[in-house]
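# Structural overview for review
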Amino acid sequence: MSATAVRPATTATTGTTGAKPARARRKAGAGLGLVAWLAGIVFFLPIAWMALTSFHSEEDAATNPPSFAASLTLDGYREFFGAGGGASPWPALINSAVASIASTLFVLVLALPAAYALSIRPVKKWTDVLFFFLSTKMLPVVAGLLPIYLFAKNTDMLDNIWLLVLLYTSMNLPIAVWMMQSFLAEVPVAIIEAARVDGARLPTILARVVAPIALPGIAATSLICFIFSWNELLFARVLTGVVAETAPVFLTGFITSQGLFLAKVCAASLVISLPVLAAGFAAQDKLVQGLSLGAVK
Amino acid sequence: MTATTTAPSAAPDHTRPTVRPPSSRLKGWATRAPLLPALIFMIVVTQLPFVATLVISFFDWNALYPDARHFTGFGNYGDVLSDPALRKSVWTTILLTVGVVLASLVLGLALALLLDRRFKGRGVVRTLLIAPFLVVPVAAALLWKHVLYNPEYGLLNGLLHYVGGPQPDWISNTPLLAVEASLVWQWTPFMMLILLAGLQSRDQQQIEAARVDGASDWQIFVHLTLPHLRRYLELGALLGSIYIVQNFDAVFTITSGGLGTANLPYTVYQSFYQAHENGLASAAGVLVVIGSIIIATFALRVVSSLFREEVGRA
């Protein structure tokens, strides 16, 4: 993917300074490795500190200077799960799981045939269709928020988790179509033709030939749809209330909370981020490929 | 998708769909059918509401006084553009987006260059660096607001305490910077990942050749690496802009739009959710769309150049 970007190597040879001796370069390399480690630690520090604070008592959490050696306790987590008489996060977590998983399934049901029609048996002007899907992603969420709110209010769909499922499906469908198109395009047409010549019918071809090659891509797509749905706040904040509240909306209850609940805030943030953190660590490479719409291979 | 497509003419060519005789119109619909559910769904759920927003934006309509609703032409747009608070939110949106995208791109580039080298524990460092991107945005904003920025027990002032530094109230003193810093922390890993993929797709032989010819590291970076990274930088800027222009979570959580940090999405949210000004909110929403179209015009050019390569390669 570099044809236009790279200049001829000769332009680089006109320089006057020579290459560094190999030993000096190796030494600099070790130093830069150290810098990389330092950067990694600095970026991770807030999360590590959040994790540590979540295991502290509220008194130890809210001190200055910070207490690194304070004794550990699970009180923050007990408080978060409602032991102290606060609202239980379980309904919100279950709502988030329903909204994320159901919308991801709907996206797959809609996106797979569409991607098939755009890659394996491409319709005419398939690039235009692909761009239409992408362009809907550039329409900001706020541009349609009010009519959707008014529609929900007039049809008694407010505070209904299935409205979020519907909206999350539309939020993720363009990305999914785009990603899956690029994954399905990797299935060699020759193999499909060969299977057809051998007498295989479409369902067999899809199950035996296309699926095995496209499955990792489909998994990555599902993962990204799940993450975006799990993280979403604006729709959930405006369109849900008591019954259909999702985990991020539940978290907004902590926005004004004061120091006394610091450990609880940290425990809450960590628990709610855990599904995304786990999924993201498991599929780092696929994640970036998916987020860049398959453009970066 | 290479030259192996030697199958008979019935085989669908990936780049150029085969031209069918008009008699096979039915067959044409058969190939189109799998596409229709997704297309229709997207048009109904995303385009129709936008058209409705456009219509509402021409009405003076407060939800608390529904009977007073009347057509006002471009009145709402005039109000949005002449209201100092709203005009400021346009400016805030620009500052927030440009600041965060540029800072996270530069930091992401530096980190990608560091991670492109071999060193002990590279995989671990990469995982540490990715983590900020994987924290739920509201949780990340809460983390910055309470755990890091708090003037009395936040980690930043805690660390400053050890070196005898000042104890500033970060959010009150520099509210917009405080929001931006948290977003840069979240988005730098994303930029790093894209740029790292770009770095690893460089032509190593060419770099070796340049090195043998006596090119310095700096010359290799400027003449070989940067030109190669250009489209990756553009892609990162594009995707970052699309998401950060629309940012709601950080502004809502860290400052609740106060202290001059209200961006357009937050303003739209506030003017219809709290002030019930449906017409004004819609006009502001349409303005966000116009801003996005400006970005998208640039964006589509970038994406289509990426795309052309993919098609060309097929």
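Along each chain, residues carry numbers from 1 onward, in the same order as the chain's sequence is written. As a convention, the first chain written is A and the first ligand written is 1, with the rest following in written order. Local features in this predicted model are restricted to residues whose pLDDT is 70 or higher, and side-chain atom pairs enter the listing and the counts only when it is 80 or higher, whereas totals over whole chains, interfaces and linings include all residues. Side-chain metrics rest on all non-hydrogen atoms present in the structure, leaving aside hydrogens and water.

Stated formally: UniProt positions are given in the numbering used here, feature names are shortened, and annotations may be inferred rather than shown by experiment.
Per an unreviewed UniProt entry, chain B is named Sugar ABC transporter permease, and its organism is Streptomyces pactum. Quoted verbatim from the Subcellular location (unreviewed entry) field of UniProt, the annotation for chain B is "Cell membrane". Checking UniProt for chain B, the heading Sequence similarities (unreviewed entry) contains the comment "Belongs to the binding-protein-dependent transport system permease family."

As annotated in an unreviewed UniProt entry, chain A carries the name Sugar ABC transporter permease and is attributed to Streptomyces pactum. Here is the UniProt Subcellular location (unreviewed entry) comment for chain A, exactly as written: "Cell membrane".

### A few points about the overall build of chain B
Definition in use: Helix and strand definitions follow DSSP, with helices as H or I runs of at least four residues and strands as E runs of at least two, each counted in order from the N terminus. Surface exposure here means Shrake-Rupley accessible area, sampled with a 1.4 Å probe, where a residue is shielded only by the protein chains that are shown.
The helix and strand tally for chain B stands at 14 helices and two strands. When the accessible surface of chain B is split by element, carbon and sulfur atoms take 67% of a total near 14100 Å².

### A few points about the overall build of chain A
Rules: Per-residue accessibility, obtained with a 1.4 Å probe over protein chains only, is compared with the maximum for each type, and a residue is labelled buried under 20%, exposed over 50%, and partly exposed between these values. When checking whether two residues touch, look at their non-hydrogen atoms; a contact exists if any pair is within 4.5 Å.
Regarding its fold elements, chain A presents 14 helices and zero strands. N-terminal to C-terminal, the α/β element order of chain A is α-α-α-α-α-α-α-α-α-α-α-α-α-α. When the 297 residues of chain A are sorted by exposure, 54% land in the buried category. If you take every contact in chain A between residues at least 6 apart in sequence, the share linking residues at least 24 apart comes to 74%. As displayed, chain A has an accessible area near 12700 Å², and 68% of this comes from carbon and sulfur atoms.

### Concerning the nonpolar core
Here is the rule: Side-chain atoms within 4.5 Å are what join buried Ala, Val, Leu, Ile, Met, Phe, Trp, Tyr and Cys residues into a set we call a nonpolar core. Domain segmentation is taken from an automatic or database assignment of domains.
One finds Leu173 of chain A together with Leu35 of chain B to be the most contacted residues of the largest nonpolar core, which totals 174 residues. A per-element tally of this core places helix α8 (residues 161–184) of chain A first, with 16 residues. Each of domain 1 (2–77) and domain 2 (89–291) of chain A contributes no fewer than three residues to this core. Not counting residues up to four positions away in its chain, the partners in contact with Leu35 of chain B are Ala114, Ala117, Leu118, Val123, Val129 and Phe133 of chain A. Phe50, Tyr77, Leu86 and Ala283 of chain B belong to the second-largest nonpolar core, a separate cluster that totals nine residues.

### Describing the side chain of Thr240 of chain A
Residues and elements named next belong to chain A. Cut-off, in case you're wondering: Under the rule applied, a polar contact is a pair of N or O atoms within 3.5 Å (in protein, one hydrogen donor and one hydrogen acceptor; residues adjacent in sequence only if both atoms are side-chain atoms).
By the secondary structure assignment, Thr240 is in the loop between α11 (234–239) and α12 (247–252). The buried category is assigned to Thr240, whose relative accessible area is 9%. There is a polar contact of 2.6 Å between the side chain of Thr240 and the backbone oxygen of Ala236. Not counting chain neighbours up to four residues away, the residues in contact with Thr240 comprise Asp159, Leu164, Phe235, Glu245 and Val249.

### Focus on a nonpolar patch on the surface
Test applied: Patch membership is restricted to residues that have no salt bridge and whose relative accessible area is over 30%. Joining uses 9 Å for like charges and 5 Å for the nonpolar side chains Val, Leu, Ile, Met, Phe, Trp and Tyr. One speaks of a salt bridge when a side-chain nitrogen belonging to Lys or Arg is within 4 Å of a carboxyl oxygen belonging to Asp or Glu.
Together, Leu45 and Phe68 of chain A together with Leu159, Tyr162 and Val163 of chain B give the surface a local cluster of nonpolar side chains, amounting to about 500 Å² of exposed area. Note on Leu159 of chain B: relative accessible area 36%, which makes it partly exposed.

### Looking at unusual backbone geometry
Residues and elements named next belong to chain B. Phi at Ser256 takes a positive value of approximately 50 degrees, unusual for a residue other than glycine. Within the fold, Ser256 resides in the loop between α12 (249–255) and α13 (264–273). Residue Leu259 is not a glycine yet carries a positive backbone phi of 55 degrees. Residue position: Leu259 is located in the loop between α12 and α13.

### A word on the UniProt feature "transmembrane region" (unreviewed entry) in chain B
All names here are of chain B. In this structure's numbering, the residues bearing the UniProt feature "transmembrane region" (unreviewed entry) are residues 35–59, 90–115, 127–147, 176–199, 235–259 and 279–303. Secondary structure content for residues 35–59 is 84% helix and 4% strand, and the end C-alpha separation is 36 Å. The span residues 127–147 shows a helical share of 90% and a strand share of 0%, and its end C-alpha atoms are spaced 22 Å apart.

### Some remarks on the side chain of Glu180 of chain B
The cut-off we apply is this: Charge convention: Lys and Arg are scored as positive, Asp and Glu as negative, and His as well as the terminal groups of each chain are ignored.
Looking at the secondary structure, you find Glu180 of chain B in helix α9 (residues 175–200). Put simply, Glu180 of chain B is tucked away with no salt bridge, and the nearest opposite charge, on Lys88 of chain B, sits 11 Å away.

### Remarks on the packing of aromatic side chains
To be explicit about the condition: Centres within 6.5 Å make a pair out of two Phe, Tyr or Trp rings, where for Trp the six-membered ring is used; the pair is then stacked when the planes are under 30 degrees apart, edge-to-face when over 60, and tilted otherwise. Note on geometry: a ring has a charge over it if NZ (lysine) or CZ (arginine) is within 6 Å of the ring centre and within 35 degrees of the ring normal.
A full pass over the atoms with the stated rule returns 28 aromatic pairs over all chains. Judged by centre distance (5.3 Å) and plane angle (85 degrees), the rings of Trp187 of chain B and Phe190 of chain B are edge-to-face. Taken together, the residues span about one helical turn, with Trp187 of chain B and Phe190 of chain B both in helix α9 at a distance of three residues. Each member of the pair Trp187 of chain B and Phe190 of chain B is classed as buried. Through successive ring pairs, a cluster of aromatic residues spans Tyr149 of chain A together with Phe248, Phe252, Tyr266, Tyr269, Phe272 and Tyr273 of chain B. The cationic tip of Lys264 of chain A hangs over the ring face of Phe261 of chain A; the distance from NZ or CZ to the ring centre is 5.6 Å.

### Section: the domain arrangement of chain A
All names here are of chain A. Selection criterion: Once two parts are joined, some of their accessible surface, as seen by a 1.4 Å probe, is lost; buried area is that loss totalled over both. Charged residues are taken to be Asp, Glu, Lys and Arg, nonpolar residues to be Ala, Val, Leu, Ile, Met, Phe, Trp, Tyr, Cys and Pro, and polar residues to be all remaining types, Gly included.
Per the domain assignment, the segments of chain A are domain 1 (2–77) and domain 2 (89–291). With ten residues of domain 1 at the contact, the number on the domain 2 side is eleven residues. Where domain 1 abuts domain 2, roughly 920 Å² becomes buried across the two surfaces, and 77% of that area is made up of carbon and sulfur atoms. Contact with domain 2 buries area across many residues of domain 1, yet Met50, Glu58 and Tyr77 alone supply 52% of it, more than any other trio. Along the contact surface separating domain 1 from domain 2 lie zero salt bridges. Our count for the contact surface shared by domain 1 and domain 2 stands at zero residue pairs in polar contact (both at pLDDT 80 or more). Only α2 (22–54), α3 (58–61) and α4 (75–80) provide two or more residues apiece to the side of domain 1 that touches domain 2. Broken down by element, the residue count for the side of domain 1 that touches domain 2 peaks at four residues, all from α2. Split by residue class, the side of domain 1 that touches domain 2 holds five nonpolar, four polar and one charged.

### A few points about the UniProt feature "transmembrane region" (unreviewed entry) in chain A
Residues and elements named next belong to chain A. Those residues carrying the UniProt feature "transmembrane region" (unreviewed entry) are residues 30–52, 97–118, 130–149, 161–184, 205–229, 235–254 and 261–283 in this numbering. For residues 30–52, the helix share is 100%, the strand share is 0%, and the end-to-end C-alpha distance is 31 Å. Secondary structure within residues 130–149 divides into 80% helix and 0% strand; the distance between the first and last C-alpha atoms comes to 28 Å.

### So, the environment of Leu128 of chain B
By secondary structure assignment, the location of Leu128 of chain B is in helix α5 (residues 122–134). Sequence separation of Leu128 of chain B and Ile207 of chain B is 79 residues, and the distance between their C-alpha atoms is 29 Å. Every residue in contact with Leu128 of chain B, bar those within four places of it in the chain, is listed here: Trp37, Gly40, Ile41 and Phe44 of chain A.

### Quick notes on the confidence of the model for chain B
This is how it is decided: As a per-residue measure, pLDDT tells how confident the predictor is, with possible values from 0 to 100.
Scored by pLDDT, chain B has a mean of 82; 88% of the residues are at 70 or more. Note on residues 1–16 of chain B: pLDDT under 50 across the span, and 29 contacts to partners over four residues away in sequence or across chains.

### Concerning the packing of helix α6 (residues 126–137) of chain A against helix α2 (residues 36–56) of chain B
Formally: With axes taken as lines fitted to C-alpha atoms, and helix axes fitted only over the stretch in contact, angles between N-to-C directions fall between 0 and 180 degrees. Each angle is binned into one of four classes, with values under 35 degrees roughly parallel, values over 145 roughly antiparallel, values of 65 to 115 roughly perpendicular, and all other values oblique. By the definition used in this description, the sense in which the near helix is turned from the far one sets the handedness, with an anticlockwise turn below a right angle giving left-handed and a clockwise turn giving right-handed.
Two numbers describe how α6 of chain A lies on α2 of chain B: the axes approach to 11 Å, and their chain directions differ by 30 degrees. The pairing of α6 of chain A with α2 of chain B is recorded here as roughly parallel in orientation. Here the hand of the crossing between α6 of chain A and α2 of chain B comes out left-handed. Two secondary-structure elements touch here, α6 of chain A through Val129, Phe132, Phe133 and Thr136 of chain A and α2 of chain B through Ala38, Leu39, Met42, Ile43, Thr46 and Gln47 of chain B. Of the residues contributing to the contact of α6 of chain A with α2 of chain B, the split by class is seven nonpolar, three polar and no charged.

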